[in-house]
Every structure is written in C-alpha cells, then in structure tokens.
Amino acid sequence: MASSAMETCISEDLHMQVDIEKKAQDIRSQWVLNAPEPPSPWRVVADSVSKTISHYKHKLSSLTDQPCTTLLLSVLRVIFPILAWGRNYTATKFRKDLLAGLTIASLCIPQSIGYATLAHLDPQYGLYTSVVPPLIYAVMGTSREIAIGPVAVVSLLLSSMMVKLVDPATDPVGYTKLILLATLFAGIFQTSFGLFRLGFLVDFLSHAAIVGFVAGAAIVIGLQQLKGLLGITHFTTKTDIVSVMKAVWEAVHNPWSPRNFILGCSFLVFILTTRFLGKRKKKLFWLASISPLVSVVLSTLIVFLTRADKNGVKIVKHVKGGLNPSSLHQLDFNNPYIGEVAKIGLVVAVVALTESIAVGRSFASIKGYQLDGNKEMMSIGLTNIIGSFTSCYVATGSFSRTAVNYAAGCETLVSNIVMAITVLISLQFLTKLLYYTPTAILASVILSALPGLIDVSEAYKIWKVDKIDFLACAGAFFGVLFASVEIGLLVAVLISFSKIILISIRPGTETLGKIPGTDLFCDVYQYPMAVKIPGVMIIRVKSALLCFANANFVRERIIKWVTEEESEDDKGNSRSTIQLVILDTSNLVNIDTSGITALEELHKSLSSQGKQLAIANPRWQVIHKLKVSNFVGKIGGRVFLTVEEAVGCKSRC
C-alpha cells in the first residue's frame, strides 16, 4: 500500500511538472506572439534624422556657451585635424618627419615624372601633383603615414579612358584640359561620398577584385614601359596585352637604338638590387628609397657627358619649372565630352578612394588607431578639387611611398609637407637639369615599383578561401590584361554582384538535430553526432531575407527533404513518418509577401499529407508580418521561442 501510494504521489508530481512546463512554454510563446509592433520604415528614417539633428544640437549647445574664439577653434579643429595634433608636436617628431619627408621626396620625384608620362601628360604635371595635394591633405587628412601624390594605377586608368575622347599626340592641350576636368569631377564625387556618408559605394570593389585589377594593371603598365625602355617613337594607345605586344613586335623589326634598352636595364637591375638589400637588412631601407633618384642623376649625367642623345637615346628634354600655375581657365564646362568626362571622373574617384583608404587603414591598424573613412573621402576629394585648380591631376594615397614613409619613421603628416616643399624646390631650381634625363630611366623606375603590385600569395589565399571571390579576382585580372582597364573593373563588379544574387536566390537550408547532452540544435551534416528527433524535421534557412527571389526555392527544397525523409530505403522499409516540420527562422531578419505566400503554400502541402508546421524563434519584423497576414492563425498559433519548445509541442499535436 505504502509503495503504491508513493508511486501515485510521484506520478502526480511528474504530471504537475509537465503542466508547469507546458504553461511556461505557452507563456514564452505568448511573448513571441504579443511582441509590440516594430517601427515602420518611415519611423526608422525619422528616428535616424532626429538623432542626427539632436546630436548636432547637443554639439552646438555645448559650443554656444563658449567664447567666439573657442567656438571658432573647435570648428576649425574638426575641419583641419592638424590644429588638434599640432598642439602636441615636438622637435623630436619633426626630426623624424624631416628624414621621412626627404626620403619619400627622393622616391617621389622620379616616380611623379614617370607617372605623368604614363598618363600621357607633360612631366611637370606629375611634379605639380606632388606639391599641392600633399599640402592640402596634410592639414585635412586623418592618416599619419599616408603619402599623397600620383599613382600608377590611376594614371593608367585616366589615360586608357581619356584617349578614346582625345588623342594626346595630336591635341595635347585639349587632352590636358579633359584630364584636369576629370580630376575636378573625381574630387567632387569623392567629397560627396564623404559628406553624405556613401562610403559603401567604394566597397562595390571587393578585396579580391582589387587584387586582380591591380595585378593586371601592373602587367599592362610594365608592358607599356617597353616604349621607353626600347626607345620606341610610335606606340599604341591601347592597353590590352595583344595590342601592346603587337606594337612592340612591329617596333623591334624597325630600326631602333639598343642603347636605350641597355641603359634602362642596367639601372633597373641597380634599383631592384638595392630594394632586395633593403628588404634583407631593414637598416638599409633608405638605400632602396633613394636608388630611383640616384639612377636619374647618374643616367642624366652619363647622357650629358657622352652626348648619347645624339646617338639614339631618347631624353625627356624640356620640363617646365616654377610654381604650380593656375588651371582655372583650362576647366572647360562647355566641352562636348563633359558627360563622358564626368563618368571617367566617377570611375577614377572610386578606384582612387579604394586604394587610398585601403593603404591608410592597413598602416593605421599597425599603429593602433582608427581611420575616419568619411573624413578621408572628404579630405581626398577636396585635395583633388583644389588640385584641379592648380594644374594637378588625380592624386591619392600611394602604397609604395607610404611604405617608405612608414619605414623612415614618420610621426605625422608633416612628412608630406616636407616632401611637397622638396618637390617645389626641385620645380623651382632643378628642372633644367632634367633635360638630359633618358626616358628609359623613367621606364625602369616605374618597372621597379610594379612587383609590389602583384600579390601572388594573396591571390592563392583567395583561391583557398572562396572560389567565387577568386573568379572575381581572375575576371578583373584577365579583363584588364586582354580587354581594357574599365572592362576589367566591370567584369569584377559583375561577378561580385552575381555572387550576391546567387546567394540570395539559392540560400542554403540545413536539417537540424540535437547535440547529445545539450539543448543545442545544429546541422546534422556539420555535426554527425547530432540526433534527429523521431517524427520531427527541423529545418533552418541560411538567409537573412525570405523574398520573391528565393521563396519558391526554399519551399520546394523543404518539401523535397520531407519527401526524401519519408521515402523507402532499398529494403522497402519506411525511414520515418514526419508528423511535424519545424522552421527555425533565427537567421531570418525580414520577409516579404512572396515569402509569406510560399509559407502558406508549404503549410497547405504539409497539411494535405497530415503534417503540421511550426515556427521557432522568429525575429521582430518576421513575426509582425506573419501575424498581420493571419499566417499564425492558419498554423494554429504554433509559434515558439526556441526549437526545443517547438519539439516539445509534438506530443500535443
């Protein structure tokens, strides 16, 4: 009797615990179903605007109590960061910046002349671009290490697109005007990106696309330098490898002077050797930095003393010196090509920003500080706007010069000021000495900078990590190499967008099982030890959005899995009988009407087979729309906070 009474008491206790647990589950389900309505899109926008306005109001109210002088200084410090960090500037920092500035100037002068010729501009435009833009950026920029000036990729991009409008050989003045106008448009776009916080536009060029694009551009740039290295007079303006190699083949079969090739290759070997020594011994980094300038000085001296220019060696000849002249009168807004120039400005703006911000962020992470992306866009943009008024073409952050600046121990942007002043002095007093500089040396200087642009190890890493990303990388590379620079960019962007669309249209779905000894439900393929619940199929959609693009695919996938689960095996035995299908929506952030329709069709299909559908862990927007569409009522209110609670409802179904 006593044992029978005890068993009865235990049984009653178990029933009470089960009832309590059921009540608790019901309460938690009501938490999900009775959640307040999420804010509407208009409310979200209004709140965002309100917060922005209140933020500025708070700033203004805190400033209005201050004296006018303090208020003015506060505003100026926001616009010109140099006024903030300049207060703590010391003589020790200046010594380091002075050394770094002189070091990058020695690299900048020959590179700037070479990049100007790459852009089909007169040599002085490269030097102009190394004076005003670094000075503007020094007072407005937020990066401490970045070196501003002309770069190879942007120079190639400008020339490759602009020669389709005006031939620089037949109309150099008109071509230069279009370059300056494109620079102005690029600056306006860059400033707008920063002002309206549109930095996400720059991210359309993925890391993989940039790796492939830069590598392809480096090879094209290298091939184009064969013109200077071989002393070829007439050369193709096209950038694809087939046209360039054809032009080289035709030129080699015509009379040409091997002295250009010998001179250029000799100094190219010298520059690469010093760079190798600089990498092996960090203390000799300065040797690699000054070797381009040393090459220019020595080669110019050799040509002058031997009069090699009389024997077929091509020389730079006249380089216009003096301060940057105003170019306001050259900005022709009535030009018939202004629409095309604006498009070129947009493409160049995005590429230049991508390179500059990538360089700035990489070195900022090394130094342990954050880079303000929007402020950087505005700084680079204003730099190019002002540069277009002072005979400069598009300037941005240079990886090679920034790396040298960092290695030289720069502390602040004063190194850019030192570099700009050094180039300005060279423009003022030393341009006449560049008359006998051989073009083969400029080609060798550019060639020596190209190996750093081809990152084979990074491409291999992309291949191992993500094959579609590698496809974008390869598309950009071969597009630049065999078509044109802009085609390469377009191919990379299209592949990247196709990847996004493919993931959206065909999102992954996974069957969940319970991990033994835990309350976790995980993918049974990733975790083979996960146990499937008899009579229950738990499916999770690996997508943030169930919409018109992927709803039918998800519905068909779920029905197929349920059918396969119940299909007979080779021996004719039924594997299982599914009574309940649980849809884990923890990844699902939002749903549209097509998604709801697909769920309704899924529910009808399952109901016709005697199966029931339950929803677990829906997000705010999702459960709101399911309630409004009366889908919750159609599935009998089977909405649960967790998958485990949804599994527990099987006994009540």
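Note that the structure is predicted; figures quoted are calculated from it, not measured.

A. Main features of empty space enclosed by the protein. Scanning all chains against the criterion turns up two cavities of 30 Å³ or more. Roughly 40 Å³ of internal volume is contained in the largest cavity. Forming the boundary of the largest cavity are Leu546, Ala551, Val554, Arg555, Ile558, Leu583, Gly595, Ala598, Leu599 and Leu602. For the lining of the largest cavity, a count of residues per class yields eight nonpolar, one polar and one charged. Estimated volume of the second largest cavity: approximately 30 Å³. Surrounding the second largest cavity, Val541, Leu546, Leu583, Asp584, Thr585 and Leu588 form its lining. Of the residues contributing to the lining of the second largest cavity, the split by class is four nonpolar, one polar and one charged.

B. Fine view of a nonpolar patch on the surface. Side chains of Leu135, Ile421, Ile425, Phe429, Leu430 and Leu433 sit close together on the surface and give an oily, nonpolar patch of about 580 Å² of accessible area. With three residues, helix α18 (residues 414-429) is the largest single contributor of residues to the nonpolar patch. Assignment of secondary structure puts leucine 135 in helix α7 (residues 132-140). Of the residues examined, leucine 135 reaches a relative accessible area of 33% and is grouped as partly exposed.

C. Representation of the packing of helix α13 (residues 258-280) against helix α14 (residues 285-306) within the structure. In the contact formed by α13 and α14, the axes pass within 8 Å of each other and the chain directions differ by 160°. With respect to their mutual orientation, α13 and α14 come out roughly antiparallel. Of the two possible hands of crossing, α13 and α14 adopt the one that is right-handed. Residues Leu263, Phe267, Phe270, Ile271, Thr274, Arg275, Leu277 and Gly278 of α13 pack against Phe285, Leu287, Ala288, Ser291, Pro292, Val294, Ser295, Leu298, Ser299, Ile302 and Val303 of α14.

D. Focus on unusual backbone geometry. A positive phi angle is found at histidine 120, which is not glycine, with a value near 65°. Relative to the helices and strands, histidine 120 is located in the loop between α5 (91-118) and α6 (123-128). Using a relative accessible area of 27% as the deciding quantity, one classes histidine 120 as partly exposed. Located in the positive-phi region is arginine 307, a residue other than glycine, with phi close to 55°. Its place among the elements puts arginine 307 in the loop between α14 and α15 (338-367).

E. Up close: the side chain of threonine 509. Position of threonine 509 among the secondary structure elements: in strand β3 (residues 508-514). Under the relative-accessibility criterion, threonine 509 is labelled buried at 8%. Once residues within four sequence positions are removed from consideration, threonine 509 is found in contact with Ile539, Arg540, Val541, Lys542, Val554, Arg557 and Trp561.

F. Layout of the sheet that holds strand β5 (residues 536-542). Read across the open sheet, the six strands follow the order β4-β3-β5-β7-β9-β10; overall the sheet is mixed. Unpaired on one side and paired on the other, β4 (521-523) and β10 (639-640) mark the two borders of the sheet. Relative to strand β7 (residues 580-584), β5 runs parallel, the two being bridged by five bridges. Bridge pairing in β7 links methionine 537 to valine 581. The sheet strands contacting helix α23 (residues 551-566) are β3, β5 and β7, and the helix crosses β5 at an angle near 150°.

G. Representation of the layout of surface pockets. By volume, the largest pocket is sized at about 1,200 Å³. Along the walls of the largest pocket sit 34 residues, with Thr117, His120, Leu121, Lys227 and Thr233 positioned nearest its centre. No other element matches helix α9 (residues 172-195), which puts four residues into the lining of the largest pocket. Of the residues contributing to the lining of the largest pocket, the split by class is 15 nonpolar, 14 polar and five charged.

H. How the structure looks around the pattern of salt bridges. For the coordinates displayed, the defined rule picks out 14 salt bridges. Between glutamate 145 and lysine 367 there is a salt bridge, with its nearest N and O atoms 3.1 Å apart. One end of the pair, glutamate 145, is in the loop between α7 and β1 (147-149); the other, lysine 367, is in helix α15, and 222 residues separate them in sequence. For glutamate 145, a relative accessible area of 0% gives the class buried. Across the pair glutamate 600 and lysine 634 runs a salt bridge whose closest N-O atoms are separated by 3.0 Å. Of this pair, glutamate 600 sits in helix α24 (residues 593-608) while lysine 634 sits in helix α26 (residues 631-634), placing them 34 residues apart in sequence. Of the residues examined, lysine 634 reaches a relative accessible area of 42% and is grouped as partly exposed. By sharing partners, the salt bridges in this structure join Glu510, Arg540, Lys542 and Asp584 into a single network.

I. The arrangement of the pairing of β5 in detail. Here β5 lies mainly inside the structure; six of its seven residues are buried. Note: β3 against β5, five bridges, orientation antiparallel. Residue threonine 509 lies in a different strand from β5, and its bridge partner there is valine 541.

J. The arrangement of the environment of serine 160 in detail. Structurally, the position occupied by serine 160 is in helix α8 (residues 152-162). Since its relative accessible area comes to 5%, serine 160 is described here as buried. Each C-alpha atom, one on serine 160 and one on histidine 120, is 9.5 Å from the other, the two residues being 40 residues apart in sequence. When near neighbours in sequence (up to four residues on either side) are disregarded, serine 160 contacts Thr239, Val485 and Glu486.

K. Looking closely at the packing of helix α21 (residues 467-482) against helix α22 (residues 485-505). Look at α21 against α22: their axes get within 6 Å of each other, and the N-to-C directions meet at 165°. Here α21 is positioned roughly antiparallel relative to α22, judged by the angle of their axes. Our pair here, α21 against α22, has a crossing hand that is right-handed. Of the residues in α22, those in contact with Ile468, Asp469, Leu471, Ala472, Gly475, Ala476, Gly479 and Val480 of α21 are Val485, Ile487, Gly488, Val491, Ala492, Ile495, Ser496, Lys499 and Leu502. In terms of residue class, the contact of α21 with α22 is made up of 11 nonpolar, four polar and two charged.

Parameters and conventions
Residues numbered from 1 in each chain as written. Predicted model: local features only at pLDDT ≥ 70, side-chain atom pairs only at ≥ 80, totals over all residues. Heavy atoms only, no water. 1 Å grid on protein atoms, 1.4 Å probe; cavity = no way out; pocket = protein on both sides within 12 Å on 5 of 7 lines; lining within 4 Å. Points joined across faces, edges and corners; volume = space filled by probe spheres on them. Nonpolar A, V, L, I, M, F, W, Y, C, P; charged D, E, K, R; others polar. Patch = residues over 30% accessible without salt bridge, like charges linked within 9 Å, V, L, I, M, F, W, Y side chains within 5 Å. Areas by Shrake-Rupley, 256 points an atom, 1.4 Å probe, with all protein chains shown as cover. Salt bridge = Lys/Arg side-chain N within 4 Å of Asp/Glu carboxyl O. Helix = DSSP H or I, 4+ residues; strand = E, 2+ residues; numbered from the N terminus. Buried < 20%, exposed > 50% of the residue type's maximum accessible area, 1.4 Å probe, protein only. Axes fitted to C-alpha atoms, helices over the stretch in contact; angles between N-to-C directions. Parallel < 35°, antiparallel > 145°, perpendicular 65-115°, else oblique. Left-handed = near helix turned anticlockwise from the far one by under 90°. Contact = heavy atoms within 4.5 Å. Pairing = 2+ DSSP bridges.

Any functional reading would require information that these geometric values do not contain.
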